[in-house]
Structures are given as C-alpha cells and as structure tokens.
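Residues per chain are reported as follows:
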Amino acid sequence: MSDDAPIANISLESITEGSNPRGIPHTKFIEDIESFANSFNPPASPELLIGAYSDLYSKFKQYESQLSLKRANFEAKLPEIEKSIKLVQHLKSKKEADENVITRYNLADMIYAKAEVDCSQGIVNLWLGANVMLEYSYDEALDLLISKETLAKKEFGEITEDLTFTRNQIITSEVNISRIYNWDVRRKRSAAASS
Amino acid sequence: MPEANSEGMILTKDEENDAEVRREDQDKINEFGQLNARLHEVRAQSKELKELLEKIDDASTELMMGSGSTVMLCLGDALFESTEEDATEFCEAEVERHQAALDGLDSEEGEILERMAGLKKVLYGRFGKSINLEEK
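Below, the structure is looked at part by part.

Cut-offs applied
- Residues numbered from 1 in each chain as written.
- Chains lettered and ligands numbered in written order.
- Predicted model: local features only at pLDDT ≥ 70, side-chain atom pairs only at ≥ 80, totals over all residues.
- Heavy atoms only, no water.
- Phe/Tyr/Trp six-rings, centres within 6.5 Å; stacked < 30°, edge-to-face > 60°.
- Lys NZ or Arg CZ within 6 Å of the ring centre and 35° of its normal.
- Contact = heavy atoms within 4.5 Å.
- Buried area = accessible area lost by both parts, 1.4 Å probe.
- Salt bridge = Lys/Arg side-chain N within 4 Å of Asp/Glu carboxyl O.
- Polar contact = N/O pair within 3.5 Å; in protein donor to acceptor, adjacent residues only side chain to side chain.
- Helix = DSSP H or I, 4+ residues; strand = E, 2+ residues; numbered from the N terminus.
- Nonpolar A, V, L, I, M, F, W, Y, C, P; charged D, E, K, R; others polar.
- Pairing = 2+ DSSP bridges.
- Axes fitted to C-alpha atoms, helices over the stretch in contact; angles between N-to-C directions.
- Expected span 1.5 Å × (residues − 1).
- Patch = residues over 30% accessible without salt bridge, like charges linked within 9 Å, V, L, I, M, F, W, Y side chains within 5 Å.
- Areas by Shrake-Rupley, 256 points an atom, 1.4 Å probe, with all protein chains shown as cover.
- Lys, Arg positive; Asp, Glu negative; His and termini not counted.
- Charge placed at Lys NZ, Arg CZ, Asp CG, Glu CD.
- Core = buried A, V, L, I, M, F, W, Y, C linked by side-chain atoms within 4.5 Å.
- Buried < 20%, exposed > 50% of the residue type's maximum accessible area, 1.4 Å probe, protein only.

### Looking at the packing of aromatic side chains
Per the stated rule, a full pass over the model turns up zero aromatic pairs over all chains. Above the plane of the ring of W183 of chain A lies R187 of chain A, whose end atom (NZ or CZ) is 4.6 Å from the centre.

Structure follows, in structure tokens:
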C-alpha cells in the first residue's frame, strides 16, 4: 500500500497515526507543516506531501463508498426482519385469542391463494437462507428473529461509526492538502521577496 | 501564486487569512462535516416517515368509511383477513410508533442546525473566506 510510486519515501505510517477499533487508519493531523516536511530525510517537497495525502484521500474515498453500500444493505435488511417479527407476533396473538387466521399469501408472482392457518398448532416455518427452512414454535421464532435483529442493529451501528470515522479522515486529508498547498505558496512568496 | 480556500477557489490577496489550522479547528471542521452528513440522513428519513404516515392516514380514513365487513391487512408479504376494528387499532398503533420516531428526528434536526450555526460562526470568524461551509 505504501509502495505507490508518487510517495516513494513517504510511508503510510508517516501520514497516519493509529487506527480505530476495526483497523481503519487515522489520518495524522499536521501541527506544523514546516517541521513535518523536514522530519523526512531528505526533507519532503510539498508536491510529494500533497501526493501522499491525495493518495490517502482517494483510498479513504474508495472505502467510504464500500461502507455506504454495506450500510444500504443493512438498511434494507432491517425492515425485512422487522416485518417477520410483526407477522409472528400477529400469529401468536391469534393463537392466544383462540382464533384461526385466514390469509391470502403470495403463491407466485401476481397470484395470491387463500389459506386458513390453524394457529392452535403454534407452528411457524422460518426461511433461514441457503435453501433451508426450519419449523419453530412462535416463541422460539420470535427469540430467533429478535436476536437476529439485535445483531443486525449492532452491525449497522458499527458500520455507521466506521463511516463517520472515514469521513472525518477524508476531511482531515483534504484540509491537510490545502494547508500544505498554502504553506508552499507563502514559502515561495517569502523566498521571492528576500531574493 | 495566490492561496486557495477549502473549495479550491483562488483567493484574492486581501481575502487570504494567516490563521493556522490548529487541531481544535480541525476537530471542529470534522464535526461540522459529520453534522452535515447526519442532517441529510435525518431529513431523508423524516421525509420517508411523513409519506408513510400519510399512507396510514389514508388507510384509516378508508376504514372509517367502511361498512363493517372484513378487510385485508397486509403484514409482511401476506394479507390477512381482519375486522375493521382490528385494522383500525393496528393503524393507530402504527401511527403512534412512527409519529414518535418522526418527533425524535425533528428535534434532532433542530439540535444539528443549532450546533452547525454555532460552528459556522466560530470557523468563519477564524478563517474568513479561507473556508467554505456552504452546501455546493
């Protein structure tokens, strides 16, 4: 990662410091550009520094879009689980009320069939994926679905956190780039004035 | 060669600002970016919820004009026969749940805007035209 041509003598470690719990590097904030540039041997040119930070910036940008995609997947998945939970709860309440459920269920695209569900059996089948469907009692099904929902919510929270973190690194990189640029402008100007 | 601001816009000489970006400034800039991203999310979610609430409201109106026969209630991917009372109850519970979520989002939006306004004041005060915090 640090071997890219434009940052030949600036390693990823020298422009980042530490990482968040899931290993995303933390962009180093430059306190003083002059001494930062001189900390390299030989001192890094502004072009080199800007190149290094632009590189880091585009890596973060790429990661940001990956995370956004992942997050959108979860955003679609959560309501699905919620829908299943509601349905099982409905069946359970019908069982408790000693009623049967009459439903129209989706038989194929655009075709609905009528069915009467005997709720007193207290059985529901959950589609677990990978072509597997298992039979559960209402309470077991609810337990499973709720634990799935909790897990999905937790992961969703982590992704959101990572996304926020990544965006912060993007902003820090951007600010660093423009600061290095302006530092270079001022430096050249004062060099011209004194010559 | 003139200095440029955060948008890459070239500044005139008197628009330049010598204020150094300190770590606390960077933190403020990052926070501003975060808040702005969250603001967009909150607004999108609250728009969705409002549309959903309208739909439920339409359904409730239809139910009120109903004739007392059974209606089909959509739960998950299937439709269930249900009495009008049950369906009305279901709608009311849904409205309550979503309205609470919407109220939460609205107050969050207010808090975000307030905090952003505060940050804007501080950052513009320090950096003048060297920084651009407006929506593109």
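From this point on, the discussion continues.
### Some details on the interface of chain B and chain A
Interface size, as often reported, equals the accessible area lost upon joining of the parts. On the side of chain A, 32 residues touch chain B, which itself brings 32 residues to the contact. Between chain B and chain A, the buried area comes to about 2900 Å², and carbon and sulfur atoms account for 49% of it. One can count seven salt bridges joining chain B with chain A. The partner of D77 of chain B in a salt bridge is K83 of chain A, with the nearest N and O atoms 3.4 Å apart. Our count for the contact surface shared by chain B and chain A stands at eleven residue pairs in polar contact (both at pLDDT 80 or more). Among the elements of the structure, α1 (23–64), β1 (71–75), β2 (78–82) and α2 (84–127) of chain B are those that each provide at least two residues to the side of chain B that touches chain A. Sorting elements by how many residues they give to the side of chain B that touches chain A places α1 of chain B first, with nine residues. Residues belonging to the side of chain B that touches chain A are distributed by class as follows: twelve nonpolar, seven polar and 13 charged. In this sheet, β2 of chain B lies alongside strand β3 (residues 101–108) of chain A in antiparallel orientation, the contact comprising two bridges. In the strand pairing of β2 of chain B, T103 of chain A is matched with F80 of chain B.

### Focus: the environment of V175 of chain A
When you line up the elements, V175 of chain A lands in helix α4 (residues 138–194). In this structure, the C-alpha to C-alpha distance between V175 of chain A and I30 of chain A, residues 145 residues apart in sequence, is 9.9 Å. When neighbours within four sequence positions are excluded, V175 of chain A is seen to be in contact with V21, Q26 and I29 of chain B.

### Quick notes on the sheet that holds strand β4 (residues 111–117) of chain A
With respect to topology, four strands assemble into an open sheet ordered β4(A)-β3(A)-β2(B)-β1(B), the strand pairing being antiparallel. Looking at strand neighbours, the two that pair on one side only are β4 of chain A together with β1 of chain B, the edges of this open sheet. Neighbour-to-neighbour, the strand axes of the sheet open up by a mean angle of 30 degrees, direction not taken into account. As paired elements, β1 of chain B and β2 of chain B share five bridges and run antiparallel to each other. Looking at the pairing, C74 of chain B lines up with L79 of chain B of β2 of chain B. Seen against the sheet, helix α3 (residues 46–96) of chain A touches β3 of chain A together with β1 and β2 of chain B and runs at an angle of roughly 130 degrees to β1 of chain B. Taken strand by strand, α2 of chain B contacts β1 and β2 of chain B, and its axis lies near 35 degrees from that of β1 of chain B.

### A closer look at α2 of chain B
For α2 of chain B, built from 44 residues, the straight-helix expectation of 64 Å at 1.5 Å per residue is met to within 8% by its first-to-last C-alpha distance of 62 Å. The first or second residue beyond α2 of chain B is G128 of chain B, which carries a positive phi of 55 degrees.

### Looking at a negative patch on the surface
On the surface, E75 of chain A together with E48, E51, E54, D57, D58 and E62 of chain B cluster together into a patch of negative charge. Ranked by the residues each element gives to the negative patch, the list is headed by α1 of chain B, at six residues. Within the element layout of this structure, E62 of chain B appears in helix α1.

### Describing unusual backbone geometry
One non-glycine residue, D98 of chain A, lies in the positive phi region at around 60 degrees. Mapping D98 of chain A onto the fold places it in the loop between α3 and β3.

### Focus: the nonpolar core
Across soluble globular proteins, nonpolar side chains have a tendency to be buried as a group. V88, L91, V124, Y138 and A141 of chain A together with F80 of chain B are the most contacted members of the largest nonpolar core, which has 24 residues in total. Where this core is concerned, the elements lending two or more residues are α3, β5 (123–129) and α4 of chain A together with β2 of chain B. Excluding anything up to four places from it in sequence, F80 of chain B contacts L87, H90, V101, I102 and T103 of chain A together with V71, M72, L73 and L75 of chain B.

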